[in-house]
Amino acid sequence: MISAIGKEAILRSDYLAQKIETLYFGGGTPSLLSKEELQSIIETIRKYYAVAPDAEITLETNPDDITTENLSVWKASGINRLSIGIQSFFEEDLQWMNRAHNAAQAKQSIEWAQQAGFSNITIDLIYGSPGLTDEKWLHNIETALALQITHLSCYALTVEPKTALAKKIETRQLEDVDPTIQARQFSLLTARLNDAGFEQYEISNFAVPGHRSRHNSSYWQGKPYLGLGPSAHSFNGKSRQWNIANNTLYVSSIERGIIPFEEEILTSAQQLNEYIMTALRTIEGISLAVVTERWGAEKAELLKQSAVKYLLSGKLAIENGILGLTVDGKFFADGIAADLFQL
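What counts and how
Residues numbered from 1 in each chain as written. Predicted model: local features only at pLDDT ≥ 70, side-chain atom pairs only at ≥ 80, totals over all residues. Heavy atoms only, no water. Salt bridge = Lys/Arg side-chain N within 4 Å of Asp/Glu carboxyl O. Helix = DSSP H or I, 4+ residues; strand = E, 2+ residues; numbered from the N terminus. Buried < 20%, exposed > 50% of the residue type's maximum accessible area, 1.4 Å probe, protein only. 1 Å grid on protein atoms, 1.4 Å probe; cavity = no way out; pocket = protein on both sides within 12 Å on 5 of 7 lines; lining within 4 Å. Points joined across faces, edges and corners; volume = space filled by probe spheres on them. Nonpolar A, V, L, I, M, F, W, Y, C, P; charged D, E, K, R; others polar. Core = buried A, V, L, I, M, F, W, Y, C linked by side-chain atoms within 4.5 Å. Phe/Tyr/Trp six-rings, centres within 6.5 Å; stacked < 30°, edge-to-face > 60°. Axes fitted to C-alpha atoms, helices over the stretch in contact; angles between N-to-C directions. Parallel < 35°, antiparallel > 145°, perpendicular 65-115°, else oblique. Left-handed = near helix turned anticlockwise from the far one by under 90°. Contact = heavy atoms within 4.5 Å.

Participant: Go over the pattern of salt bridges with me, naming the residues and quoting the values.
Facilitator: In the structure shown here, the tally under the stated rule is 14 salt bridges. A salt bridge links glutamate 142 to arginine 192; the nearest nitrogen and oxygen atoms lie 2.4 Å apart. Taken together, the residues glutamate 142 in helix H6 (residues 134-146) and arginine 192 in helix H8 (residues 179-195) connect sequence positions 50 residues apart. With a relative accessible area of 34%, glutamate 142 lands in the partly exposed category. Using a relative accessible area of 26% as the deciding quantity, one classes arginine 192 as partly exposed. Where arginine 281 meets glutamate 202, a salt bridge forms, and the shortest distance between an N and an O atom there is 2.6 Å. Of this pair, arginine 281 sits in the loop between helix H11 (268-280) and strand E11 (286-287) while glutamate 202 is found in strand E6 (residues 199-202), placing the two residues 79 residues apart along the sequence. Look at arginine 281 and you get partly exposed, because its relative accessible area is 23%. Because the salt bridges share partners, they merge into one network encompassing Glu92, Asp93 and Lys136.

Participant: Report on the layout of surface pockets, specifying residues and quantitative values.
Facilitator: Its boundaries defined by the atoms lining it, the largest pocket holds a volume of some 1,600 Å³. If you go around the largest pocket, you meet 50 residues; those closest to its centre are His215, Tyr219, Tyr225, Leu226 and Gly227. Going through the elements one at a time, helix H1 (2-11), strand E1 (20-25), helix H2 (35-48), helix H9 (214-220), strand E8 (233-235), H11 and helix H12 (288-295) are the ones with two or more residues in the lining of the largest pocket. By residue number, the principal contributor to the lining of the largest pocket is E1, which donates six residues. Residue composition of the lining of the largest pocket, by class: 27 nonpolar, 17 polar and six charged. Space inside the second largest pocket adds up to approximately 440 Å³.

Participant: Please provide a residue-by-residue account of the nonpolar core, values included.
Facilitator: In terms of nonpolar packing, the biggest core is built from 72 residues, with Trp74, Ile123 and Ile286 touching the most fellow members. At five residues, the largest contribution of residues to this core is made by H11.

Participant: An account of the packing of aromatic side chains is needed here, citing residue identities and associated values.
Facilitator: Enumeration according to the criterion identifies seven aromatic pairs in this entry. Note on tyrosine 225 and phenylalanine 235: the rings are 6.0 Å apart at their centroids and 40 degrees apart in plane angle, and the pair reads as tilted. Of this pair, tyrosine 225 sits in the loop between H9 and E8 while phenylalanine 235 is found in strand E8, placing the two residues 10 residues apart along the sequence. Site record: aromatic cluster; members linked through ring pairs are Tyr127, Trp137, Phe186 and Phe331.

Participant: So what's going on with the packing of H6 against H8? Which residues, and what values?
Facilitator: The N-to-C vectors of H6 and H8 enclose an angle of 30 degrees; their axes lie 10 Å apart at closest approach. With respect to their mutual orientation, H6 and H8 come out roughly parallel. Crossing of H6 over H8 shows right-handed handedness. Contacts from Asp134, Trp137, Leu138, Ile141, Glu142 and Leu145 in H6 reach Arg184, Gln185, Leu188, Leu189, Arg192 and Leu193 in H8. Here the residues of the contact of H6 with H8 are counted per class, giving seven nonpolar, one polar and four charged.

Participant: Provide a residue-level description of unusual backbone geometry, including the pertinent values.
Facilitator: Look at glutamine 148: it is not a glycine, yet its phi comes out positive at around 60 degrees. With respect to the element layout, glutamine 148 can be found in the loop between H6 and strand E5 (151-156). Here asparagine 320, not a glycine, exhibits a phi torsion of approximately 50 degrees, which is positive. Within the element layout of this structure, asparagine 320 appears in the loop between strand E12 (316-319) and strand E13 (322-325).

Participant: Go over the packing of H11 against helix H14 (residues 333-340), please, and point to the residues and values.
Facilitator: Orientation of H11 relative to H14, taken along the N-to-C sense of each, is 155 degrees, at an axis distance of 9 Å. Compared by their axis directions, H11 and H14 come out roughly antiparallel. In the crossing of H11 with H14, the sense of the turn from one axis to the other is right-handed. Of the residues in H14, those touching H11 at Ile276, Met277 and Leu280 are Ala333, Ile336, Ala337 and Leu340. Per-class residue counts for the contact of H11 with H14 are seven nonpolar, no polar and no charged.

What follows is the structure in structure tokens.
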């Protein structure tokens, strides 16, 4: 697999024209890679792509994968940012979510990472799960602040169809999520982190000034990106493509010099709607000047007309040509974005 990913990187070396500002090892279990495997991938990318000297190189990991030895390996491999899937600092919540780590490991993993010299750390936290009281949720936030975490990604628990969780809720083995509680805990989150000096630079992402995720920000800004490996997605501004998910077929295809992917060419309307969807979620908002430049003045005017009811209801605001969500509007971001979409 490592060899195949390296070969794919070489085969697709002309996909991105701009300098590479971020590398992201995520999906699957990248924390299981050895020092040699990590270095092999990074060195191949540096050889065939123009990688910025200060590139942000992130590794996704879970607390139970973090050891002093692994941290040393990651540091030596060139990883300079960790994304740790904490989810909660409470034992009962972790058990409910069927996580492999415990509450003690959640805190210890962060402390070990900091001791190993990782200052750029983000953690994931989940709110709105059954049994998570407001007091416990605030405790999770305060624990993260006490640990001097500079970036938080916080998500409401969602129940995906046809999952084990959905089945247990359907059969009343588990309590269903409560949207009212989720909304209240989201309000508690934004208020507390605002007081602590964090920027809510995207609806679910909060950072101390200077510590935004450069990688995620690139997605939201619509920058092209290249994904390597099974199921990996890529985007060049005009089309999306995704590799097959089957590991065996992926490896055998790459060995024959064939990149096994499907592709979707985005229409002008789809490109505009993607901009609306991503920009609306960010602190920068939707620039009417950008819409005019890329898609024409008529589209910008139609967008303003579609936004009127949300401007009147106080869910959207417009200032200096920027259309953005208000505090109340953030609770309805997806619905508002869908309503602003243009055919």
